[in-house]
Amino acid sequence: SLVAICRGVHLSQSSQAEGDMPIIRVADLSNQNISSDDLRKVAPPSDKRQINYCRTGDILLSRIGSTLKALLVNENLNGIAVDQSIYIIRLKSEYHHLGQYIVEYFRSSIGQTLLSSYLIGAGMPNLRLDDLKNLEIPIPEKIVIELISSIQHVENELIDRIEKTRLLRTKLFGIYD
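Bear in mind the structure is a predicted one, so any value in this text is a computation, not a measurement.

### Here's the deal with the sheet that holds strand β1 (residues 3-7)
Within a sheet, neighbouring strands are paired by backbone hydrogen bonds and run either parallel or antiparallel to one another. Across the sheet, which stays open at both edges, the four strands sit in the order β1-β7-β4-β5 with antiparallel pairing between neighbours. Each edge of the sheet is formed by a strand with only one pairing partner; in this case those strands are β1 and β5 (70-72). Sheet twist, expressed as the average angle between the axes of neighbouring strands with direction ignored, equals 20 degrees. Each of β4 (59-62), β5 and β7 (86-91) is contacted by helix α1 (residues 99-107), which is oriented at about 165 degrees to β5, the strand it contacts most.

See the structure below:
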């Protein structure tokens, strides 16, 4: 197996109250530049061993919904708890270079079609763990994977520049978006 897969933490109603433990929820997977400051904070469960934390390089994949969302965990989210409605896909170290490609594949129309073929249930479609473990994802040549990583790097640089420009505008003119 190339990966280890687990589900995030199940929170009881009492644990969903405001607290000090940041947690990544499905809605957070839409924001590719999310930081721990943006996350909802909940009360941790009494048994801390129930908590599954993500690590840099993990792939987070929602397991419920008609369109599944994916995110590659960056340094800003390292060590953050993950909600039960998300799978944590941890690539073995020799396959870490495939992380961004797999996320892009899951987000693509081809990947969504593949994932949706395994969804069960009508009201709230669900991707079962066994089905996820048995997915066959085509791996392209190394040059394609490197190109995807380069594109992601350029996107991140542009996002950083936009953020710096907003801060500069705010400092100079007191303008807020």
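### Description of the pairing of β4
Strand residues, when the strand is regular, have side chains that alternate between the two faces of the sheet. Where burial is concerned, the two faces of β4 agree: the one with Ile59 and Leu61 and the one with Leu60 and Ser62 are both buried. As paired strands, β4 and β5 are joined by three bridges and run antiparallel to one another. From the neighbouring strand, Leu61 faces β5, where its bridge partner is Ala70.

### Focus: the sheet that holds strand β3 (residues 40-42)
Within the open sheet, the three strands sit side by side as β3-β2-β6. Their pairing is mixed. The sheet terminates laterally at β3 and β6 (81-82), the two strands that pair on one side only. Strand direction decides the pairing type here: strand β2 (residues 18-24) and β3, joined by four bridges, are antiparallel. Bridge assignment links Ile23 to a residue of β3, and that residue is Arg40.

### A closer look at the nonpolar core
In this structure, Leu61, Phe106, Leu127 and Leu132 are the most contacted members of the largest nonpolar core, which totals 22 residues. Where this core is concerned, the elements lending two or more residues are β4, β7, α1, α2 (109-116) and α4 (142-173). Element by element, the count of residues in this core is highest for α1, at five residues. If sequence neighbours within four positions are ignored, Leu127 has contacts with Leu61, Arg63, Leu68, Tyr87, Leu115, Tyr118, Leu119 and Leu132. Counting 13 residues, the second-largest nonpolar core is a separate cluster that includes Leu29, Cys54, Leu77 and Ile88.

Analysis parameters
- Residues numbered from 1 in each chain as written.
- Predicted model: local features only at pLDDT ≥ 70, side-chain atom pairs only at ≥ 80, totals over all residues.
- Heavy atoms only, no water.
- Pairing = 2+ DSSP bridges.
- Helix = DSSP H or I, 4+ residues; strand = E, 2+ residues; numbered from the N terminus.
- Axes fitted to C-alpha atoms, helices over the stretch in contact; angles between N-to-C directions.
- Contact = heavy atoms within 4.5 Å.
- Buried < 20%, exposed > 50% of the residue type's maximum accessible area, 1.4 Å probe, protein only.
- Core = buried A, V, L, I, M, F, W, Y, C linked by side-chain atoms within 4.5 Å.

Function-wise, these values are silent; they only describe arrangement.
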